[in-house]
Amino acid sequence: TGDAQVVVFQRRVRYLFDFGTCELGWVAEDGGGEALFKGTVQLQDCASGTVPADLELSTIFAPKTDAQRAVKTWLRDGRGREIG
């Protein structure tokens, strides 16, 4: 939910958005481009001026292997915030 628009100002294109909730699909791939697992992430209160530290997000995926369960635990415990 929210608003988005494309604005041309001084011959430059600007992308403006203000989302209450935005859901994005993602895929984790290995070095060869093969999909390892996929899921969704929900961003809450995300706007064009938002810095990464201000983002509220939750990640959802169904792990099938021990490695995937380790990633889910890593994300759940907040260590995923170390990225960026």
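Note that the structure is predicted; figures quoted are calculated from it, not measured.

A. Quick look at a nonpolar patch on the surface. On the surface, Val6, Val8, Val13 and Tyr15 cluster together into a nonpolar patch covering about 430 Å² of accessible area. Within the residue set of the nonpolar patch, elements represented by two or more residues are strand E1 (2–9) and strand E2 (12–29). Structurally, Tyr15 is set in strand E2.

B. Inspection of the environment of Leu75 at higher detail. When you line up the elements, Leu75 lands in helix H1 (residues 66–76). Residue classification places Leu75 among the partly exposed positions, given a relative accessible area of 29%.

C. A look at unusual backbone geometry. Although it is not a glycine, Gln10 adopts a positive phi angle of roughly 50°. Note on placement: Gln10 falls in the loop between E1 and E2.

D. Spatial organisation of a negative patch on the surface. Negative charge collects at one region of the surface, where Asp3, Asp18, Asp45, Asp54 and Glu56 lie side by side. With respect to the element layout, Asp54 can be found in the loop between strand E3 (35–47) and strand E4 (56–60).

E. Representation of the pairing of E2 in the model. Judged from the 8 bridges that link them, E1 and E2 form a sheet pairing that is antiparallel. Pairing of Gly2 across the sheet is with Phe19, part of E2. Counted between consecutive antiparallel strands, the loop separating E1 from E2 contains 2 residues, among which Gln10 sits at a positive phi close to 50°. Sheet analysis places E2 next to E3, joined by 11 bridges and oriented antiparallel. Opposite Glu29, over in E3, you have Ala35 as the bridge partner. Taking the residues between adjacent antiparallel strands as the criterion, E2 and E3 are bridged by 5 residues, where Gly33 takes a positive phi near 90°.

F. Just the state of the cysteines, in detail. All told, the structure shown has 0 disulfides when counted by the stated rule. Looking at Cys22, it has no disulfide partner, and the nearest cysteine sulfur is the one in Cys46, 6.7 Å off. Classification of Cys22 by relative accessible area gives buried; the value is 18%. Looking at Cys46, the relative accessible area reads 9%, which means it is buried.

Reading the values: the criteria
- All residue numbers refer to position in the chain's written sequence, counted from 1.
- Local features in this predicted model are restricted to residues of pLDDT 70 or higher, and side-chain atom pairs are both shown and tallied only at a pLDDT of 80 or more, whereas totals for entire chains, interfaces and linings draw on every residue.
- Each side-chain value is worked out from all heavy atoms of the structure, with water and hydrogens disregarded.
- Patch membership is restricted to residues that have no salt bridge and whose relative accessible area is over 30%. Joining uses 9 Å for like charges and 5 Å for the nonpolar side chains Val, Leu, Ile, Met, Phe, Trp and Tyr.
- Each accessible area is a Shrake-Rupley result for a 1.4 Å probe, and residues are judged covered by the shown protein chains and nothing else.
- For this document, the term salt bridge refers to a Lys or Arg side-chain nitrogen within 4 Å of an Asp or Glu carboxyl oxygen.
- What counts as a helix is a DSSP run of H or I of at least four residues, what counts as a strand is a run of E of at least two, and both are numbered from the N terminus.
- When accessible area is computed with a 1.4 Å probe and restricted to protein chains, residues below 20% of their type maximum are described as buried, those above 50% as exposed, and intermediate ones as partly exposed.
- Here Asp and Glu are counted as negative and Lys and Arg as positive; His is not counted, and neither are the chain ends.
- Charge positions come from single atoms, namely NZ of Lys, CZ of Arg, CG of Asp or CD of Glu.
- At least two bridges found by DSSP between two strands is the condition for calling them paired.
- Count a disulfide wherever a pair of cysteine sulfur atoms falls within 2.5 Å.

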